[in-house]
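Chain and residue survey
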Amino acid sequence: MFRQFLAVLLVLFLLVDLILAKKPQGPKGHTSKKLATLQGPPPSSKKFLTLSGDPPDVIAKGGFSGLFPESSQFAYSFAMEMSLPNSVMYCDVQLTRDNLGVCISDVNIDFSTTASMAYPKGEKTFKVNGQDVRGWYALDYNLEDLKNTTFYVQGVVSRPTTFDGTFPVFSPDDIAGLNVTRLWLNVENDMFYNDHKLSAAKYIQDSARFWVPSHISSPEIGFLKFMSGQVDKTKTKLIFKFQLKDEVEPTNREKYGAILNNLALLKPFAAGILVPKEFICPLTPDQYSDPPTTLVDDAHKQGLEVYAYGFASDVMTSFNYSYDPVQEYLQFIDNGQFSVDGLLTDFPSTASNAVACFAQSKNLTTKVVKGLVISHNGASGDYPGCSDLAYQKAIADGADIIDCTVQVSKDKVALCLGNIDLSAITTALATYMDRSTTVHEIQAQNGIFAFDLDWSEIAALKPTIEIPWKDSGLVRNPKNKNKGKFVTLASFLELAKAKKTGGVLINIQNAAFLASKKGIGVVDAVKKALTNAGFDKQSEQKVLIQSDDSSVLAAFKDKPNYQRVLTIKDSKSDAPKSVVEEIKKHANGVVVDRETIVQQNTGFFTTAFTKVVEEMHASNISVYVTPLRNEFVFLNFDYLSDPYLQLATYLSSQMVDGIITDFPATAAAYMRNPCSDVNNPDNVLPIRPIEAGDLAKQIDPVALPPALPPKPALESSDVNDPPLPPVAKVEDAKKAPSPSKDKKSGASRNVDIWYMIVLNIVFALLSLY
């Protein structure tokens, strides 16, 4: 589907080029194409608390500027394809020397174009709104010259630069040639341009013979007052744009904060206001949402529409939204108190889905997409993993299966902990530094291990919310950083029973080491707990036993109502039939990482789908993918910083049997939303899976990021493990031999090799004395 779209898009570009090349030109370079104006939103059964009662507008800032360079041809075309049909295309207008408009986001055009490369001696200093600003200015060049010499670049450093220098600057005339339904012109610095004998008003008036904007905004009262007498207000809405509260409006020399308290001043000439989103839903200094202000209600009482700007899915906003961009939009359009009249965003596809799909859809309970939502250490994106609060939230958020990675304490209590090393997920370092040891069979670095502490000592620790990618600078809900308490396996199972979850997933790790070295029989502990809780004699709730050790799974063959799931730890490119048959001897499901299904290059663009899911399904083996996370730094650029597109790709396109996620709420919302059914012809805007590799194909080969080394195919050694050693007696555990010296699977630790390395080092050191 995605591939078909991009093919159509490329054809569209060629047609546009032909049209622009052959079409008769109006005066001063205007095309003769008429632009449809002020088309209303499509019919909707939903009623919003907007001023009109219609759905809020989605306004694409410079097109799809969250991925492509802002205001480029591809950005606008992509936004039109991926957004609601009546979405508005937004252009920041700068004026050229011949008084024509060009879409560039800042008066210093070098911020988002190659102007300094095209005109290395063109840097100048001008006074803009009383401030000296040094840079490159559109007013120094004719439009045609800029089109022939100057190209867009990505102005946000965290976004891909692979499309830089590809698209020449674009004008409102060019946008009109794309057959947009509505065009929004934002005119800033009108007084500056007037000082240089240029006029945005004249440019718009001259253009009216060929196209008419649906909206004109400006932060200058004088400009809007003048335009009020020039435009047909049944076709064009005039919108006053607020800057930061302490900045000064150029006409009246009054701070924007003061104007905000006197909205009646704007009513004679403006149809609405465009404000930073924080004016409506402010944030506390520690990035949490404060209660909404009364701004929308106040404006609506004056008959003014309210448009909010500053939305971007790849920018940290409020921790209240759990890195789910849809939840932020819903706070502005579906909060039960008010709705803004429009959303100005760098990611119009997500805003469109929020309006068309998720607004007024909070109580949906029926799945429209097959698959299980499995928690990853509970709702570990919002609370410390494996804490009681993480499990409670996962259940409340709609997880089908809640999970417990089982560890066993020194006094043989089975409990749920995402990591056997307590220093990574608790406050253990502050209390038990003297218990820190190196266990090479587990990990290379020192740790404080669960098997070295009694349950009472572990229970007294505070859990810590885990940050999967510390280098990103993103953190998870700081207020919840140490909230909750750890639970035993027995308590976990009791909770699952009491809340009638769809089932439980029990993850068993390091079983061979614990048996031979610590005298801990984790398999027996799990079996006993499941039996005591009655899970072995029922079928209402699923029981999934997960392990990277095939011998652990073999120990549960006598429980036919349990599903045995083998963890494939490393990314794979293929699953040969012979190896799949080996898996089938031990398991009826596998857990794989994301790259085993969707491959990527070094630039974080996807490159291809593997056939692993198809190959597993051919042998009736279920496939679960892990871990899925909401944070945009975990999402390939193809997913448009939208976790819902990733969910759609794995569940609707690749047909996995379940996803394992830190954020069950997002997954459950996706699976229950009617827009997730891509085969439903009634969907105005289905949540579409990506087609891996399609975006990478649009990149200039010179700029294409290098491919990653090919992943290996799955091998028998990744699957088959030696039998589990017997559980050593506690007094003999320290001198017990390592588990079998037979070759271990890639998914299991090779205990013997590490053990021999340590012994050799000890003997070498002793020989020095």
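Residues numbered from 1 in each chain as written. Predicted model: local features only at pLDDT ≥ 70, side-chain atom pairs only at ≥ 80, totals over all residues. Heavy atoms only, no water.

**Some thoughts on the overall build of the chain**
Of regular secondary structure, the chain possesses 25 helices and 22 strands. Burial status across the chain gives 57% buried among its 769 residues. By sequence separation, contacts in the chain at least 24 residues apart represent 72% of the contacts at least 6 residues apart. (Helix = DSSP H or I, 4+ residues; strand = E, 2+ residues; numbered from the N terminus. Buried < 20%, exposed > 50% of the residue type's maximum accessible area, 1.4 Å probe, protein only. Contact = heavy atoms within 4.5 Å.)

**Remarks on the side chain of N673**
Relative to the assigned elements, N673 resides in the loop between α23 (664-672) and α24 (694-697). On the basis of relative accessibility, which here comes to 1%, the residue N673 falls in the buried class. When near neighbours in sequence (up to four residues on either side) are disregarded, N673 contacts C357, F358, S361, L364 and V368.

**Overview of the packing of helix α11 (residues 325-333) against helix α12 (residues 348-358)**
At a closest axis distance of 9 Å, the pairing of α11 and α12 adopts a crossing angle of 60°. Relative to α12, α11 is oriented oblique. The chirality of how α11 crosses α12 is right-handed. Residues P325, V326, Y329, L330 and I333 of α11 form the contact with α12, whose participating residues are T350, A351, A354, V355 and F358. Of the residues belonging to the contact of α11 with α12, the class tally is nine nonpolar, one polar and no charged. (Axes fitted to C-alpha atoms, helices over the stretch in contact; angles between N-to-C directions. Parallel < 35°, antiparallel > 145°, perpendicular 65-115°, else oblique. Left-handed = near helix turned anticlockwise from the far one by under 90°. Nonpolar A, V, L, I, M, F, W, Y, C, P; charged D, E, K, R; others polar.)

**Side note on the environment of L417**
Within the element layout of this structure, L417 appears in the loop between β14 (414-416) and α14 (428-431). The exposure class assigned to L417 is buried, which follows from its relative accessible area of 0%. For L417, the contacting residues outside a window of four places in its chain are C386, T405, Q407, L422, I425, A450 and F486.

**A closer look at the state of the cysteines**
As enumerated under the stated definition, the model contains three disulfides in all. Linked covalently through their sulfurs, C357 and C675 form a disulfide whose S-S length is 2.1 Å. Measuring the twist about the S-S bond at about -95°, one finds the C357-C675 disulfide to be left-handed. Remark: C675 occurs in the loop between α23 and α24 and C357 occurs in helix α12; sequence separation between them is 318 residues. Take C357: its relative accessible area is 2%, and that puts it in the buried class. With its sulfur 2.0 Å from that of its partner, C404 forms a disulfide with C416. Here the S-S torsion is close to -105°, and the disulfide linking C404 with C416 is therefore left-handed. Taken together, the positions of C404 in strand β13 (residues 401-408) and C416 in strand β14 put the pair 12 residues apart, joining distant regions of the chain. Disulfides within the chain link the bonded cysteines, taken in sequence order, as 1-2, 3-6, 4-5. The structure places no disulfide on C386, whose sulfur is separated from the nearest cysteine sulfur, that of C416, by 5.9 Å. (Disulfide = S-S within 2.5 Å.)

**Considering the packing of aromatic side chains**
Taken as a whole and assessed by the stated rule, the structure comprises 32 aromatic pairs. Aromatic pair F126 and Y137: ring centres 4.7 Å apart, planes at 85°, arrangement edge-to-face. Of this pair, F126 sits in strand β4 (residues 124-128) while Y137 sits in the loop between β5 (131-135) and α4 (143-149), and the two are 11 residues apart along the sequence. Judged by its relative accessible area of 16%, F126 falls in the buried class. Taking the centre distance of 5.2 Å and the plane angle of 65° together, the rings of F192 and Y193 count as edge-to-face. Each member of the pair, F192 as well as Y193, carries the same accessibility label: buried. (Phe/Tyr/Trp six-rings, centres within 6.5 Å; stacked < 30°, edge-to-face > 60°.)

**Section: the pattern of salt bridges**
Per the stated rule, a full pass over the model turns up 32 salt bridges. A salt bridge links D132 to K127; the shortest N-O distance between them is 3.0 Å. Pair check on accessibility: D132 and K127 agree, each one exposed. When salt bridges that share partners are traced, they join R476, R629, E631 and D662 into one network. (Salt bridge = Lys/Arg side-chain N within 4 Å of Asp/Glu carboxyl O.)

**Observations regarding helix α17 (residues 511-518)**
Since the α-helix advances by 3.6 residues per turn, residues separated by three or four positions end up pointing in the same direction. Most of α17 is tucked away: seven of the eight residues are buried. Of the residues making up α17, those classed as buried are A511, A512, F513, L514, A515, S516 and K517.

**As for the nonpolar core**
Proteins that are soluble and globular tend to have nonpolar side chains buried together. Judged by nonpolar contacts, the single largest core of 187 residues is most densely connected at F242, I280, F492 and I506. One finds Y432, I448, W455 and I458 within the second-largest nonpolar core, a separate group that totals 13 residues. (Core = buried A, V, L, I, M, F, W, Y, C linked by side-chain atoms within 4.5 Å.)

**What to know about the side chain of E220**
Structurally, E220 is set in the loop between β7 (215-218) and α8 (221-228). There is no salt bridge for the buried E220, and the closest opposite charge comes from R253, which lies 9.1 Å off by N-O distance. A distance of 3.1 Å separates a polar atom in the side chain of E220 from the backbone nitrogen of N189. Leaving out residues up to four positions away in the same chain, E220 has contacts with E188, N189, D190, M191, F240, E249, P250 and T251. (Lys, Arg positive; Asp, Glu negative; His and termini not counted. Polar contact = N/O pair within 3.5 Å; in protein donor to acceptor, adjacent residues only side chain to side chain.)

**Notes on the environment of V133**
By secondary structure assignment, the location of V133 is in strand β5. In this structure, V133 is in contact with K124, T125, F126 and V128, ignoring residues within four places of it in sequence.

**Some words on helix α20 (residues 577-586)**
Here α20 has its buried residues at V579, V580, I583 and H586. Buried residues of α20, seen end-on, are gathered within an arc of 110° and therefore sit on one face of the element. Those residues of α20 that are exposed and angled more than 90 degrees off the buried face are K577 and S578. (Arc of directions from axis to C-beta.)

**Considerations on the environment of V326**
When you line up the elements, V326 lands in helix α11. The residues touching V326, leaving out its near neighbours within four places in the chain, are T350, A354, F358 and Y644.

**Overview of the pairing of strand β2 (residues 88-95)**
In terms of burial, β2 is a largely internal element, eight of the eight residues being buried. Covered by surrounding structure in β2 are V88, Y90, D92 and Q94 together with M89, C91, V93 and L95, the residues of both alternating faces. Two elements, strand β1 (residues 57-61) and β2, share three bridges in a ladder whose sense is parallel. Its bridge partner lying in β2, A60 is registered against M89. Considered for its hand, the β-α-β crossover made up of β1, helix α2 (residues 73-82) and β2 is right-handed. Direction of pairing for β2 relative to strand β3 (residues 101-103): antiparallel, over a ladder of three bridges. Residue pairing for β3: Q94 is matched across the bridge by V102. (Pairing = 2+ DSSP bridges. Right-handed = clockwise from strand over helix to strand, strands pointing away.)

**Brief notes about the pairing of strand β6 (residues 182-187)**
With six of six residues buried, β6 is to be regarded as a mostly interior element. The alternating pattern of β6 places R182, W184 and N186 and L183, L185 and V187 on opposite faces, both of which are buried. In this structure, β2 lies alongside β6, joined through six bridges in parallel fashion. Opposite V93, over in β6, you have V187 as the bridge partner. One ladder, built from three bridges, connects β6 with β7; its direction is parallel. Considered in β7, the bridge of L185 is made with I216.

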